[in-house]
Amino acid sequence: MRGKYITLEGGEGCGKSTQVRLLAQYLKQNGISCVTSKEPGSTEEGQIIRNLLVTGDKDKFDAVSECLLYFADRRCDLTKIVWPALEKGQWVISDRYADSTEAYQFYGYDKRIPLEVLRQLYKIVAGNFKPDLTFILDMDPEIGMRRSFAKAEKMTVKELRFESRQLEFHRNLRQGFLEIAKREPERCVVLNADTDIETLHRQIVEKVKEKLEC
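Just so we're clear, the structure is a prediction, and the values are computed from it rather than from any experiment. (Residues numbered from 1 in each chain as written. Predicted model: local features only at pLDDT ≥ 70, side-chain atom pairs only at ≥ 80, totals over all residues. Heavy atoms only, no water.)

Any chance you could explain the overall build of the chain here in plain terms?
Each helix and strand counted, the chain has 8 helices and 5 strands in total. Going from N to C terminus, the chain has its helices and strands arranged as β-α-β-α-α-β-α-α-β-α-α-β-α. Expected size for 214 residues packed as a compact globule is a radius of gyration near 17 Å; at 16 Å, the chain falls within 12% of this value. Based on the C-alpha atoms only, the size of the chain along its principal axes is roughly 45 × 40 × 35 Å. The burial tally for the chain puts 51% of its 214 residues in the buried class. In the chain, once contacts between residues fewer than 6 apart in sequence are set aside, the share between residues at least 24 apart is 80%. (Helix = DSSP H or I, 4+ residues; strand = E, 2+ residues; numbered from the N terminus. Rg over C-alpha atoms; globule rule 2.2 N^0.38 Å. Buried < 20%, exposed > 50% of the residue type's maximum accessible area, 1.4 Å probe, protein only. Contact = heavy atoms within 4.5 Å.)

Looking at this structure, I do not really get the packing of aromatic side chains. What am I missing?
To describe a pair of aromatic rings, you give the distance between the ring centres and the angle between the ring planes. Summed over all chains, the structure comprises 7 aromatic pairs. Arranged with centres 6.4 Å apart and planes meeting at 85°, the rings of tyrosine 97 and phenylalanine 129 form a pair that is edge-to-face. On the criterion of sequence distance, the pair formed by tyrosine 97 in the loop between strand S3 (91–95) and helix H4 (98–108) and phenylalanine 129 in the loop between helix H5 (115–126) and strand S4 (133–138) is long-range, its members being 32 residues apart. Every member of this aromatic cluster is reached through a ring pair, and the members are Tyr5, Trp83, Tyr97, Tyr122 and Phe129. The side chain of arginine 74 reaches across the aromatic face of phenylalanine 71, ending 5.1 Å from its centre. (Phe/Tyr/Trp six-rings, centres within 6.5 Å; stacked < 30°, edge-to-face > 60°. Lys NZ or Arg CZ within 6 Å of the ring centre and 35° of its normal.)

What's the story with the sheet that holds strand S1 (residues 5–10) in this structure? I'm lost.
In a beta sheet, neighbouring strands pair by backbone hydrogen bonds and run either parallel or antiparallel. Read from one edge to the other, the open sheet built from 5 strands follows the order S2-S3-S1-S4-S5, with strand pairing classed as parallel. In the strand order of this sheet, the two ends are held by strand S2 (34–38) and strand S5 (188–192), each with one partner. Recorded for the sheet is a direction-independent mean angle of 20° between the axes of neighbouring strands. Looking at chain direction, S2 and S3 are connected through 5 bridges and run parallel. (Pairing = 2+ DSSP bridges. Axes fitted to C-alpha atoms, helices over the stretch in contact; angles between N-to-C directions.)

Before we go on, may I ask you to explain H4 in this structure?
Think of an α-helix as 3.6 residues a turn; residues three or four steps apart then line up on the same face. In terms of residue burial, H4 counts as a mostly covered element, since 11 of its 11 residues are buried. Taken as a whole, H4 has its buried residues at Ala98, Asp99, Ser100, Thr101, Glu102, Ala103, Tyr104, Gln105, Phe106, Tyr107 and Gly108. Turning to H4, the residues buried within the fold contact S1, helix H3 (63–87), H5, S4 and helix H7 (167–183).

Is there a simple way to think about the packing of helix H1 (residues 16–29) against helix H8 (residues 197–212) in this case?
Two elements in contact, H1 and H8, have axes separated by 10 Å at closest approach and are oriented at 55°. In this view, H1 runs oblique relative to H8, as classed from their interaxial angle. Read as a crossing pair, H1 and H8 show a hand that is right-handed. Residue-level inspection shows Thr18, Gln19, Leu22, Leu23 and Tyr26 of H1 in contact with H8, the latter providing Ile197, Glu198, Leu200, His201, Ile204, Val205, Val208 and Lys209. (Parallel < 35°, antiparallel > 145°, perpendicular 65-115°, else oblique. Left-handed = near helix turned anticlockwise from the far one by under 90°.)

What am I meant to see in the side chain of aspartate 99 here?
For aspartate 99, the location among the structural elements is in helix H4. Accessibility expressed as a relative area gives 7% for aspartate 99, which makes it buried. With residues near it in sequence (within four places) discarded, aspartate 99 still touches Glu9, Thr134, Phe177, Ile180 and Arg187.

Please clarify how the environment of asparagine 51 should be interpreted in this entry.
Tracing the chain through its elements places asparagine 51 in helix H2 (residues 44–54). Classification of asparagine 51 as partly exposed rests on a relative accessible area of 37%. Residues asparagine 51 and proline 40, spaced 11 residues apart in sequence, show a C-alpha to C-alpha distance of 8.9 Å.

What is the right way to read the packing of H4 against H7 from this model?
When two helices pack together, their arrangement is given by the angle between the helix axes and by the axis-to-axis distance. Two elements in contact, H4 and H7, have axes separated by 8 Å at closest approach and are oriented at 125°. The angle between H4 and H7 falls in the class oblique. Here H4 runs over H7; the crossing is right-handed. Counting all contacts with H4, which are made through Asp99, Ser100, Glu102, Ala103, Tyr104, Tyr107 and Gly108, the residues of H7 involved are Phe169, Asn172, Leu173, Gly176, Phe177, Glu179, Ile180 and Arg183.

What is the right way to read H8 from this model?
Between the first and last C-alpha of H8 there are 22 Å, a value that for 16 residues agrees with the 22 Å anticipated at 1.5 Å per step. Residues of H8 that are buried include every one of Thr199, Leu200, His201, Ile204, Val205, Val208 and Leu212, and no others. Elements that come into contact with the buried residues of H8 comprise S1, H1, S3, S4 and S5. By the N-cap criterion, in which a side-chain oxygen at the helix start approaches the backbone nitrogen of a residue two or three places on, H8 is capped by aspartate 196, the distance to glutamate 198 being 3.3 Å. Just beyond H8, the residue with positive phi is glutamate 213, at close to 55°. (Expected span 1.5 Å × (residues − 1). Polar contact = N/O pair within 3.5 Å; in protein donor to acceptor, adjacent residues only side chain to side chain.)

Scope: geometric values only; no functional claims are made or implied.
Structure (structure tokens):
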């Protein structure tokens, strides 16, 4: 039996990585084999791409170049981690997926890449594949930015390329994620991420049980 694919999406500092880890622990404790992935950077090749994307000058790539790098990373992640795990019956929980590309490349930037182009690229890379369930972790971008900068202070390599953008960019991202959730209510669940970690984790688990009947 094919496994389930769950993605967590949202702006900077909303706590996706923590919730991915906690959900994976919960599933394993309840007898469900699962693996985790992260975009960008789950594979060896993807880590090279990640370093290009999240460090350095915010304007070093134009929108098209940046977009193509994300899709290259996605193809590596799907072919080397996600699809093989699902075929084995494992569940996969991913920290970001295609909704982030749409939010950043279409809603976030002034020089947007048309949605039709993003969808054509997605079709080439992933075909008809899509997540079984997506959580949009929503919060005020100002709060998320403070969290993200605090996290970066503890990191050896400062991944602050997107945090260095204006607050308007991050507000546009938030609106983009909410628009995606509104468009696909059967797949997407919006949760308030401005709460304590355990409360958010319990809400995610409840929705997983409800939506995926596990």
